[in-house]
Amino acid sequence: MTEKLSQDQVENLSRCADVVMEIASAAGLDPYPIEFHLVPATIMYEFGAYGIPGRFSHWTHGKAYWQMKTMYDYGLSKIYELVINNDPAQAFLMENNDLTQNKVVIGHVVAHVDFFKNNISFKNTNRQMVEVAGLHADRVKNYGFKEGDEEVEAFLDSVLAIQQNIDTSFFGGNLDSIKTREVEDKEPKPPSSKYDDLFELGQRKIEVPKRKRPQSPPQETVDLLAVLAEHSKYLTDWQKDLILIVRDEMRYFVPQMMTRIMNEGWATYWHLRFMRGLADRGLVTDGEYIKFADLHAGVVVSSRRSINPYLVGWRIFEDVNDKKEGKYAQEMKRKGKKEYDWLGQEIDPESYQGRKDYDVKWIRENIPSDQAFLRNYLTGQLVEELDLYTYASENDQWVIVEKDWQKVRDAAVKSMDNFGHPLIKIPPNGVDYNSNGELELVHQWDGTDLDLPYAEKTLLHVYKLWGRPVHLQTKNSEGGLMLSCQDGEKVESKKIG
């Protein structure tokens, strides 16, 4: 395991952070101010498991922590960086990573924060979510004291089972979430460890006006959490508040889920340029640059079974930059190749020059999701160069089934529908199914069948939250199917026309 950095190395790292910010500003990037923290692996993996420092406790967070920490202890995986989308942003560097690794991470983080600040999907994100998560944690803890920890955790089990069922069409908005305003900090207390300030990131005192509960629209909706909080007649106020807490925090994470390929690609694209800039200024030695090249190669290695977001996102941004600068046109002419746009129409490479939608910073700001990013900028040439394909299991073996670039691109885009989760809708009047207050859910079937045992277990959780019978309509290759939970104990299914 790498030894901790010396004081001289920490000072060198601080200087590199200042220079990277200078390079970023000169290049037209505009990140939030960033507070860097050098922390041990235990702190890194705890924050990684919770997603936000100071977030409420639940056994799933503990499970994630021990899984990640065990993988680290056995040398099977490592977190290099963790950055929290806040203003100022909070970035965590692992003290056991070597100097070169942490220099790369600084560049990677600065680009992430620039993306957080400027991408359209984050335009309504609550930039005080660290503080809000701390308030949420206090409320959850108080409910545990009043109602019993086991009761609260069991209820959160049901809420977290369906946490992805919210409206994602708001592009990361937080419009009906808690509005906050920072005021004076609490009176400081004597520290119990030198990392107390990190654990208290979410404990800053902020003023919290009364929150308006989201109204379920009369039309069709996918925001199941909002419907439960607004229309369930059997939940207490503290239970409804827990649902809204989970919904608020999920809405914070959604933009990051929507843009992972773009975000990681953007950070990789820029950490290359920042490291070159540090080398030009004598802050990265030749030996460090060789080590960086090896680290970068490991980050962008291709995978046989999934899309590497660092690789695909980075290569798309590099491809766009080449087109913008005219390098692409020269190379295409030299090779005598043709290229096609996302509609399959043949294009003139020269036409890319000067187009604002082929400027990397324009894309970073205006493209709202990975689906739009791949649909518009994953070209046939890139599919070929990256050796992308679709595959399936045949006779207990994985085989390649498609290499056509358009079909491969479309399959990648489709796989990201609703982040890979089934899309569940509440139809008009779905909160009064059978005219007696039962809940109707409809699975938007796209050719992919539900995992029925999983769906049945999830329906039991929905029943617990709704308090009345719940019905889920879906399809499979044999036709329509209705799953119904009448008593919270079992789920029955029947074929429907």
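Note that the structure is a prediction, hence the values are computed from the model and not measured.

Caption draft 1: Fine view of the overall build of the chain. When you go through the chain residue by residue, the secondary structure sums to 18 helices and 14 strands. Taking all 497 residues of the chain together, 50% fall into the buried category. In the chain, the share of contacts with a sequence separation of at least 24, taken over all contacts with a separation of at least 6, comes to 72%.

Caption draft 2: The nonpolar core, seen in detail. Within the largest apolar cluster, 65 residues are counted, with the highest numbers of intra-cluster contacts made by Ile316, Phe373 and Leu374. If we skip the residues at most four places from it in the chain, leucine 374 touches Ile261, Val312, Ile316, Arg409, Ala412, Val413 and Met416. Among the nonpolar cores identified, the runner-up in size contains 43 residues, and Val159, Leu244, Val254 and Ile424 belong to it.

Caption draft 3: Summary view of the sheet that holds strand β11 (residues 439-443). Strand order across the open sheet formed by 5 strands is β10-β11-β12-β13-β14, with mixed pairing between neighbours. Two strands in the sheet have a free side with no partner beyond their single neighbour: β10 (424-425) and β14 (492-496). Bridge count for β10 against β11 is 2 bridges, and the pairing is antiparallel. In the sheet register, lysine 425 faces β11, and the bridge partner there is valine 442.

Caption draft 4: Region of the structure containing a nonpolar patch on the surface. Among the surface-exposed residues, Tyr391, Trp398 and Ile400 lie close enough to one another that they form a single nonpolar patch of about 330 Å² accessible area. The topology assignment puts tyrosine 391 in strand β8 (residues 390-394).

Caption draft 5: A look at the pairing of β8. When β8 meets strand β9 (residues 397-402), the two strands line up antiparallel, connected through 5 bridges. Along β9, the bridge assignment pairs glutamate 394 with glutamine 397. Following β8, the chain reverses through 2 residues before pairing antiparallel with β9; asparagine 395 in that reversal takes a positive phi of roughly 55°.

Caption draft 6: Geometry of the confidence of the model for the chain. Taken as a whole, the chain shows an average pLDDT of 85; of its residues, 87% reach a score of 70 or greater. Low pLDDT, under 50, characterises residues 172-190; the stretch is placed with 50 contacts to residues that sit more than four places away or in other chains. Here residues 205-209 is a poorly scored stretch, pLDDT under 50, and it has 19 contacts once near neighbours within four places are set aside; other chains count.

Caption draft 7: Fine view of the pairing of β14. Across 5 bridges, strand β13 (residues 479-485) lies against β14 in antiparallel orientation. Opposite methionine 482, over in β14, you have lysine 494 as the bridge partner. Connecting β13 to the next strand, β14, in antiparallel fashion are 6 residues, including glycine 488 with a positive phi near 80°.

Caption draft 8: Quick peek at the packing of aromatic side chains. Evaluation of the coordinates by the stated rule reveals 18 aromatic pairs. Taking the centre distance of 5.0 Å and the plane angle of 70° together, the rings of phenylalanine 47 and phenylalanine 92 count as edge-to-face. Pair noted here: phenylalanine 47 is in helix α2 (residues 41-50) and phenylalanine 92 is in strand β3 (residues 89-94), with a separation of 45 residues, a long-range link. Considered together, phenylalanine 47 and phenylalanine 92 belong to a single accessibility category, that of buried residues. Ring centres 5.3 Å apart and planes at 75° place the aromatic pair tyrosine 252 and phenylalanine 253 in the edge-to-face group. Here the aromatic cluster, defined as three or more aromatic residues joined through ring pairs, consists of Trp266, Tyr269, Trp270, Phe274, Phe317, Tyr358, Phe373 and Tyr377. Above the ring of tyrosine 269, the side-chain terminus of arginine 273 is found at 3.6 Å from the ring centroid.

Caption draft 9: Expanded view of the side chain of asparagine 308. Along the chain, the position of asparagine 308 falls in the loop between α11 (286-299) and α12 (309-325). On the accessibility criterion, asparagine 308 (13% relative accessible area) is buried. Polar side-chain contacts of asparagine 308 include one of 3.0 Å to the backbone nitrogen of tyrosine 310. Setting aside residues no more than four positions away along its own chain, asparagine 308 makes contact with Val299, Val300 and Val301.

Caption draft 10: Region of interest: unusual backbone geometry. Cis geometry marks the peptide bond from aspartate 87 to proline 88; its omega dihedral reads 5°. Although it is not a glycine, aspartate 396 adopts a positive phi angle of roughly 65°. The phi dihedral of asparagine 429 is positive, around 65°, even though this residue is not glycine. Topologically, asparagine 429 is positioned in the loop between β10 and β11. A relative accessible area of 64% places asparagine 429 in the exposed class.

Each value, and the rule that gives it
Residues numbered from 1 in each chain as written. Predicted model: local features only at pLDDT ≥ 70, side-chain atom pairs only at ≥ 80, totals over all residues. Heavy atoms only, no water. Helix = DSSP H or I, 4+ residues; strand = E, 2+ residues; numbered from the N terminus. Buried < 20%, exposed > 50% of the residue type's maximum accessible area, 1.4 Å probe, protein only. Contact = heavy atoms within 4.5 Å. Core = buried A, V, L, I, M, F, W, Y, C linked by side-chain atoms within 4.5 Å. Pairing = 2+ DSSP bridges. Patch = residues over 30% accessible without salt bridge, like charges linked within 9 Å, V, L, I, M, F, W, Y side chains within 5 Å. Areas by Shrake-Rupley, 256 points an atom, 1.4 Å probe, with all protein chains shown as cover. Salt bridge = Lys/Arg side-chain N within 4 Å of Asp/Glu carboxyl O. pLDDT = per-residue confidence, 0-100. Phe/Tyr/Trp six-rings, centres within 6.5 Å; stacked < 30°, edge-to-face > 60°. Lys NZ or Arg CZ within 6 Å of the ring centre and 35° of its normal. Polar contact = N/O pair within 3.5 Å; in protein donor to acceptor, adjacent residues only side chain to side chain.

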